[in-house]
Amino acid sequence: MKNITSKLIALGLTGALAVVSFTACSKTKETTTETTTETTTEVTTEDLAGVYNEACELYNQGKYYSAKKAFERSQYGDWEQRAAECVQPTPETGEIWHDENMYSDNMILILTVEDSEEDINRYIAVYSKDHELVESVFIRGAGSVETWIPAGEYYVRDAVGTDWYGEQELFGEEGTYENMIFNEVEDDKYLTVLVVDL
């Protein structure tokens, strides 16, 4: 048995295949004033309340980043407190989720982050070649997580940021998202985990 260690300081292509959707429906009217035509469309309290209610719905759906942005747009009622509540508690370093069918007793994958600032966090998702989520881990600052996965080819998506908005929207638009490149020579986006007999 041979342990394969992979470090997150591998090369990454920012934005490649890392699709993060942000849903923020808005029914507000824009307020504009033109000096030449003097046309003004006002945003009513009813409009702001509607955006506030949309923000509440987004929050209840676990779309905390989108909810925060909607609360900020509404500036209605207790919007400042509600926007601040959208930032979720940062998970502890370790596995968040692991597919119960993708464990192995003989292969360990060690995900390591070195030289990171204390307030910089990472969410790492490991996918099978078939684009199925195998596991997700969270690392606060510098540290490492050991996980057990079967031999095979995987790709890894890395999200980096400070404010955590949950697994649906990760670090929001302020985060950095990338796919890790492990075999730079062949431009292979897959991490290959092999069983090696010694």
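Rules behind the numbers
Residues numbered from 1 in each chain as written. Predicted model: local features only at pLDDT ≥ 70, side-chain atom pairs only at ≥ 80, totals over all residues. Heavy atoms only, no water. Buried < 20%, exposed > 50% of the residue type's maximum accessible area, 1.4 Å probe, protein only. Helix = DSSP H or I, 4+ residues; strand = E, 2+ residues; numbered from the N terminus. Contact = heavy atoms within 4.5 Å. Pairing = 2+ DSSP bridges. Core = buried A, V, L, I, M, F, W, Y, C linked by side-chain atoms within 4.5 Å. Phe/Tyr/Trp six-rings, centres within 6.5 Å; stacked < 30°, edge-to-face > 60°. Lys NZ or Arg CZ within 6 Å of the ring centre and 35° of its normal.

A. A look at helix α2 (residues 64-74). Buried residues dominate α2, accounting for 8 of its 11 residues. By the burial criterion, the buried members of α2 are Tyr 64, Tyr 65, Ser 66, Ala 67, Lys 68, Ala 70, Phe 71 and Ser 74. Considering only its buried residues, α2 is in contact with α1 (45-60), α3 (79-84) and α4 (166-169). Residue Gln 75 follows α2 closely and has a positive phi angle near 45°.

B. Representation of the pairing of strand β5 (residues 121-128) within the structure. Where burial is concerned, most of β5 is hidden: 8 out of the 8 residues are buried. The alternating pattern of β5 places Asn 121, Tyr 123, Ala 125 and Tyr 127 on one face and Arg 122, Ile 124, Val 126 and Ser 128 on the opposite face, and all of these are buried. As paired elements, β5 and strand β6 (residues 133-140) share 7 bridges and run antiparallel to each other. Along β6, the bridge assignment pairs Ile 124 with Val 137. Count of turn residues in the β5/β6 antiparallel hairpin: 4 residues, of which His 131 carries a positive phi of about 70°.

C. Region of interest: the nonpolar core. If you look at the biggest cluster of nonpolar residues, it comprises 14 residues, and the most contacted ones within it are Ala 67, Ala 70, Phe 71 and Cys 86. Mapped by element, the contributors of at least two residues to this core are α1, α2 and α3. If we skip the residues at most four places from it in the chain, Cys 86 touches Tyr 59, Tyr 64, Ala 67, Lys 68, Phe 71, Trp 164 and Tyr 165.

D. Local environment of the packing of aromatic side chains. Counted according to the given criterion, the structure contains 9 aromatic pairs. Ring geometry for Tyr 52 and Phe 71: centres 5.3 Å apart, planes at 70°, overall edge-to-face. Taken together, the positions of Tyr 52 in helix α1 and Phe 71 in helix α2 put the pair 19 residues apart, joining distant regions of the chain. There is no split in this pair, since Tyr 52 and Phe 71 are both buried. Among the aromatic side chains, those forming a connected cluster through ring pairs are Tyr 123, Phe 138, Trp 164 and Phe 171. Sitting over the face of the ring of Tyr 59, Arg 82 holds its NZ or CZ atom 5.5 Å from the ring centroid. When the ring centre of Tyr 127 is taken as reference, the NZ or CZ atom of Arg 157 above it lies at 4.8 Å.

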